[in-house]
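Survey of secondary and tertiary structure
Below are the chains, spelled out letter by letter.
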Amino acid sequence: MIKIILVGIIVALVYSQPNLRLTIADWLTNVSDFLTESVEKKQEGYKKLRFKTNESMKNN
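The structure reproduced in this document is the subject of the present report. These numbers were taken from a predicted model, which means no experiment stands behind them.

**Notes on the overall build of the chain**
- Secondary structure assignment for the chain yields two helices and zero strands.
- Summed over all atoms, the accessible surface of the chain reaches about 5700 Å², with 64% contributed by carbon and sulfur.

See the structure below:
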């Protein structure tokens, strides 16, 4: 429900003021880049943890 409301607000802003289209597109791009980077960092952390776990199992 909240997602639908947020999308509605963004769409309303885009169509109410044409000069905001670029700003909103830039904002969405920045948010997307931030989320992508955070997911990549978490994946790297999990890979390191899994490697350490596998190494400790081999040593025992």
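**Points about the environment of Ile-24**
- Checked against the element boundaries, Ile-24 lands in helix H2 (residues 20-59).
- A relative accessible area of 12% places Ile-24 in the buried class.
- Distance in space between the C-alpha atoms of Ile-24 and Val-14 is 7.4 Å, their sequence separation being ten residues.
- Setting aside anything within four residues of it in sequence, one finds Ile-24 in contact with Ile-10, Leu-13 and Val-14.

**Section: a negative patch on the surface**
- Residues Asp-33, Glu-37, Glu-40 and Glu-44 make up a contiguous surface patch of negative charge.
- Tracing the sequence through the fold places Glu-44 in helix H2.
- According to the relative accessible area criterion, Glu-44 is partly exposed, its value standing at 47%.

**Digging into a nonpolar patch on the surface**
- A contiguous nonpolar surface patch, about 640 Å² in accessible area, is contributed by Met-1, Ile-2, Ile-5, Leu-6, Ile-9 and Leu-13.
- Using a relative accessible area of 48% as the deciding quantity, one classes Leu-6 as partly exposed.

**Focus: the environment of Val-14**
- Within the secondary structure, Val-14 is located in helix H1 (residues 2-16).
- The exposure class of Val-14 is buried, given its relative accessible area of 17%.

Quick notes on the rules
Residues numbered from 1 in each chain as written. Predicted model: local features only at pLDDT ≥ 70, side-chain atom pairs only at ≥ 80, totals over all residues. Heavy atoms only, no water. Helix = DSSP H or I, 4+ residues; strand = E, 2+ residues; numbered from the N terminus. Areas by Shrake-Rupley, 256 points an atom, 1.4 Å probe, with all protein chains shown as cover. Buried < 20%, exposed > 50% of the residue type's maximum accessible area, 1.4 Å probe, protein only. Contact = heavy atoms within 4.5 Å. Patch = residues over 30% accessible without salt bridge, like charges linked within 9 Å, V, L, I, M, F, W, Y side chains within 5 Å. Salt bridge = Lys/Arg side-chain N within 4 Å of Asp/Glu carboxyl O. Lys, Arg positive; Asp, Glu negative; His and termini not counted. Charge placed at Lys NZ, Arg CZ, Asp CG, Glu CD.

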